[in-house]
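Observations on the three-dimensional arrangement
For reference, the chains in residue letters:
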Amino acid sequence: MFGFIRLHNFFLKFFRGLNILYIVSGYYIINWLSVRRFFKHFIPKRYKHKGIVLSPQERLKLMLEKLGPTFIKFGQILADRPDIISEKLRIELKKLQTKVKPFDHDLAVTMIETELSAPIAHVFKSFDFECIGSASMGQVYKAVLKNGDMVVIKVQRPHIKEKINLDLQILDYIARKISEEYPEFIVMNLEGIVKEFGETLRNELNYFTEASNARRFEEIFKDVPYCKIPKVYDQLSTSKLLIMEFIEGISPDNIDELYMNGLDPKIIANNGVNVFLKMIFEHGFFHADPHAGNMFILPGNVIGLIDFGMVGSMKPSQMEFLAKFVRSMDQKDAGMLTEAILLLNTNQKFREREDLEFSLGEMLKKYKSVPYDQMKMSQLLDECFKIIRKYGIQIPGSIFLLIKSIATIEKVGMNLDPDISVTKLIRPYAKALVMKQYSVPRIGKALLKSIKKYIDLGKHLPDDINEIIFSLKTGKFTHDINIDSQEMFSNSIKQTGKTIALAILIGFIIAGTAYIRAKGNSSFIVNAIFFVSIFYGFILIFRLFTRLKT
């Protein structure tokens, strides 16, 4: 039985792999044709616009769309990673489709009934059989429950989980092989990117996760009158079916309609920005896709939020980065900004702090005469991360979700109120975050934790010393050496072996020629070899000391 399942999985991977290979090969063939003058007329029309061949970035976007939902999502996530891809490619990937053709409605109804374990008529008073939204991973319907509550029903596409898991396994295999074959890709942490992407996608596939996120936001904003989070109907929801309260409102993009309904765009902008700053600075948990399509404006200038599949969660060190980042921008302090960025650095071997600080200082000089309240937070973050990319610093994915969220909400806010200052609204949140981090209870807790560690160390120290002494006495003392790169270690061993062999050879030559010279039988050639060997010996010693210093 297990053998059959393994064989079935093998054939699935094999044929999907062939399909991916076919699409990717087609992309490379078009690339090859596009740079050869006499072959350009063989390129199909779908790869041209007004007779001009599409750019490599546009062709890559088309390829990802052909490859399906997993690769579309991968492209969308990469579009928010300026540390990994170029700006031209980012702009193109941002155009990746989010709306796709809906799957068969009868099949959707069958799946809804399967997940509910009951016919539609038994659960809903009325049901609209035309979907109101469709995406690469699911589609949405509107209905009314028996108790009169209006709800939205989000149902997953058939077999989407299996397809995505299959694609993720293939992506993981490709990333591992590329990293093994091309060590230069280790800097990009390709396997880590694929792993992080896989976790994000699997979370989106599990509607229980989205429901949990919605409940968490509901708890955060329960006492905030200007924010509305839809209720989740847990008793009806499953991992493939999500039923939530229907929110009806006006899109923040439709300013004329807002005015017609007696709403104030300036108040809406202020409320919207404060909603997201509260998420980020007070809770370190935020909606990672806050575009206008995921927001509705309700009566009383209330912000209604939907779609909680993609969220960001920040660690304490990342919260500290945020506080320091805002303070350094306020004070235009390059040293503090460098400290903030290095809090996020996952590469512990970074040795270019001075250069990084200089680059950041040069960037800050551009804003020397600009008041803090007039700075654009998204622009500041974008400029900082261009510098970070230049130095090859690896930054956690949650920080790029944060940048995307701040940039998006700033754009939405400025569309509603061109005079709004996000940096000004951030200041009190950042101040409160700093006060929280350096509060007496927090410092006391950290101190208590450190004291406990030292007490535990003191307790176990005598036993540990006895164990070390016993190991030394019995000759059983061992030491493990961890090597990060096997290839680097092998090269180092080879280089060391060559150096030792060369040193021995030069030593013999020096000794031999010195002996001949001492006997008085030296010729011009013997003298030349002797002095050249001495000279080369000094070079070897110099190189040795140089390596020891580094």
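Predicted, not measured: the structure shown is a model, and the values here were computed from it.

**Considering the pairing of strand 9 (residues 295-298)**
Pairing geometry for strand 9 and strand 10 (residues 302-305), over four bridges, is antiparallel. Bridging from a neighbouring strand, Phe 296 pairs with Gly 304 of strand 10. Hairpin connection, strand 9 to strand 10: the antiparallel pair is bridged by three residues, and Gly 300 has positive phi, about 85 degrees.

**Some words on the pattern of salt bridges**
If you walk through the whole model with that rule in mind, you get 13 salt bridges. The partner of Lys 61 in a salt bridge is Glu 65, and the shortest N-O contact between them spans 3.7 Å. A residue pair is termed a helical-turn pair when its members lie 3 or 4 positions apart in one helix, as Lys 61 and Glu 65 do in helix 2 (residues 56-67) at four residues. Classification of Glu 65 as partly exposed rests on a relative accessible area of 22%. Close ionic contact of Asp 234 with Arg 215 constitutes a salt bridge, the shortest N to O distance being 2.4 Å. In this pair, Asp 234 is assigned in the loop between strand 6 (227-228) and strand 7 (241-245) and Arg 215 in helix 9 (residues 207-220), connecting sequence segments 19 residues apart.

**Comments concerning the sheet that holds strand 9**
Strand order in this open sheet of three strands is 6-10-9, and the pairing throughout is mixed. The sheet terminates laterally at strand 6 and strand 9, the two strands that pair on one side only. Examined bridge by bridge, strand 6 and strand 10 share two bridges and lie parallel to one another. By the bridge assignment for strand 10, Lys 228 is matched with Gly 304.

**Structural notes on empty space enclosed by the protein**
Enumeration over the complete set of coordinates arrives at one cavity of 30 Å³ or more. Forming the boundary of the largest cavity are Pro 252, Ile 268, Ala 269, Gly 272, Val 273, Met 295, Ile 297, Ile 303, Ile 409, Val 412, Gly 413 and Leu 416. Broken down by secondary-structure element, the contributors of at least two residues to the lining of the largest cavity are helix 11 (265-283), strand 9 and helix 16 (397-416). Taken together, the residues that form the lining of the largest cavity break down as 10 nonpolar, two polar and no charged.

**Thoughts on the nonpolar core**
Membership of the largest hydrophobic core comes to 82 residues, with the highest contact counts inside it found for Phe 281, Leu 305, Phe 325 and Phe 385. Counting residues per element, this core draws most heavily on helix 11, which supplies nine residues. In this structure, Leu 305 is in contact with Cys 227, Lys 228, Ile 229, Pro 230, Ile 247, Val 275, Phe 276, Met 279, Asn 294 and Met 295, ignoring residues within four places of it in sequence. By size, the runner-up hydrophobic cluster in this structure holds 29 residues, among which are Leu 64, Phe 71, Leu 78 and Leu 96.

**A short note on the side chain of Arg 157**
On the secondary structure map, Arg 157 appears in the loop between strand 5 (150-156) and helix 7 (160-181). This buried residue, Arg 157, is left without a salt bridge; Asp 104 holds the nearest opposite charge, at 11 Å. Those residues within four positions of Arg 157 in sequence are excluded, and the remaining contacts are Val 100, Lys 101, Pro 102, Phe 103, Met 111, Ser 134, Ala 135, Ser 136, Met 137, Gly 138 and Gln 139.

**Focus: the packing of aromatic side chains**
All told, the structure shown has seven aromatic pairs when counted by the stated rule. Through a chain of ring-to-ring contacts, the aromatic side chains of Phe 124, Phe 127, Phe 129 and Tyr 141 assemble into a single cluster. Residue placement shows Arg 216 over the ring face of Phe 285; its charged tip is 3.7 Å from the ring centre.

**Here's the deal with helix 3 (residues 69-78)**
The periodicity of an α-helix, 3.6 residues per turn, causes residues three or four positions apart to be oriented the same way. Helix 3 sits mainly inside the fold: eight of its 10 residues count as buried. All of the buried residues in helix 3 are Thr 70, Phe 71, Ile 72, Lys 73, Phe 74, Gly 75, Gln 76 and Leu 78.

**Some words on the environment of Asp 382**
With respect to the helices and strands, Asp 382 occurs in helix 15 (residues 377-390). C-alpha separation for the pair Asp 382 and Ala 407, spaced 25 residues apart in sequence, amounts to 8.9 Å.

**Things to note about helix 9**
For helix 9, built from 14 residues, the straight-helix expectation of 20 Å at 1.5 Å per residue is met to within 8% by its first-to-last C-alpha distance of 20 Å. Considered for burial, the residues of helix 9 that qualify are Tyr 207, Glu 210, Ala 211, Asn 213, Ala 214, Phe 217 and Ile 220. One side-chain oxygen at the N-terminal end of helix 9 lies 3.0 Å from the backbone nitrogen of Phe 208; it belongs to Asn 206.

**Concerning a nonpolar patch on the surface**
Taken together, the side chains of Phe 14, Phe 15, Leu 18 and Leu 21 present a nonpolar region at the surface, about 400 Å² in accessible area. Summarising the element assignment, Leu 18 is placed in helix 1 (residues 2-34). A residue is classified by how much of its surface remains accessible, and Leu 18, at 39% relative accessible area, is partly exposed.

**Digging into the packing of helix 11 against helix 16**
When two helices pack together, their arrangement is given by the angle between the helix axes and the distance between those axes. Contact pair helix 11 / helix 16: the axes reach a minimum separation of 8 Å and the direction vectors enclose 165 degrees. Classified by the angle between their axes, helix 11 and helix 16 sit roughly antiparallel to one another. In this structure, the crossing between helix 11 and helix 16 has a hand that is left-handed. On helix 16, the residues that touch Pro 265, Lys 266, Ile 268, Ala 269, Gly 272, Val 273, Phe 276 and Ile 280 of helix 11 are Leu 402, Ile 406, Ile 409, Gly 413 and Leu 416. Its residues placed into classes, the contact of helix 11 with helix 16 shows 10 nonpolar, two polar and one charged.

**Thoughts on the environment of Lys 195**
Within the secondary structure, Lys 195 sits in helix 8 (residues 190-205). Spatially, the C-alpha atom of Lys 195 lies 7.4 Å from that of Asp 172, the residues being 23 residues apart in sequence.

**A look at unusual backbone geometry**
Negative phi is the rule for most residues except glycine; trans is the rule for most peptide bonds. Its identity is not glycine, yet His 159 carries a phi of approximately 60 degrees, on the positive side. Relative to the elements of secondary structure, His 159 occurs in the loop between strand 5 and helix 7.

**Describing the environment of Phe 308**
Relative to the elements of secondary structure, Phe 308 occurs in the loop between strand 10 and strand 11 (311-313). Sequence separation between Phe 308 and Arg 215 is 93 residues, and the spatial gap between their C-alpha atoms is 9.8 Å. Among residues more than four places away in sequence, those in contact with Phe 308 are Glu 210, Asn 213, Ala 214, Phe 217, Ile 229, Pro 230, Met 244 and His 287.

**Some remarks on the sheet that holds strand 7**
Hydrogen bonds between backbone atoms are what pair the strands of a sheet, whose relative direction is either parallel or antiparallel. Strands sit in the order 3-4-5-7 across an open sheet of four strands; the sheet is antiparallel. The sheet is open, and its two edges are formed by strand 3 (124-134) and strand 7, each paired on a single side. Pairwise comparison of adjacent strand axes, ignoring direction, gives a mean angle of 25 degrees for this sheet. Of the strand pairs in this sheet, strand 4 (residues 138-145) and strand 5 are connected by seven bridges, and their pairing is antiparallel.

What counts and how
Residues numbered from 1 in each chain as written. Predicted model: local features only at pLDDT ≥ 70, side-chain atom pairs only at ≥ 80, totals over all residues. Heavy atoms only, no water. Pairing = 2+ DSSP bridges. Helix = DSSP H or I, 4+ residues; strand = E, 2+ residues; numbered from the N terminus. Salt bridge = Lys/Arg side-chain N within 4 Å of Asp/Glu carboxyl O. Buried < 20%, exposed > 50% of the residue type's maximum accessible area, 1.4 Å probe, protein only. 1 Å grid on protein atoms, 1.4 Å probe; cavity = no way out; pocket = protein on both sides within 12 Å on 5 of 7 lines; lining within 4 Å. Points joined across faces, edges and corners; volume = space filled by probe spheres on them. Nonpolar A, V, L, I, M, F, W, Y, C, P; charged D, E, K, R; others polar. Core = buried A, V, L, I, M, F, W, Y, C linked by side-chain atoms within 4.5 Å. Contact = heavy atoms within 4.5 Å. Lys, Arg positive; Asp, Glu negative; His and termini not counted. Phe/Tyr/Trp six-rings, centres within 6.5 Å; stacked < 30°, edge-to-face > 60°. Lys NZ or Arg CZ within 6 Å of the ring centre and 35° of its normal. Expected span 1.5 Å × (residues − 1). Polar contact = N/O pair within 3.5 Å; in protein donor to acceptor, adjacent residues only side chain to side chain. Patch = residues over 30% accessible without salt bridge, like charges linked within 9 Å, V, L, I, M, F, W, Y side chains within 5 Å. Areas by Shrake-Rupley, 256 points an atom, 1.4 Å probe, with all protein chains shown as cover. Axes fitted to C-alpha atoms, helices over the stretch in contact; angles between N-to-C directions. Parallel < 35°, antiparallel > 145°, perpendicular 65-115°, else oblique. Left-handed = near helix turned anticlockwise from the far one by under 90°.

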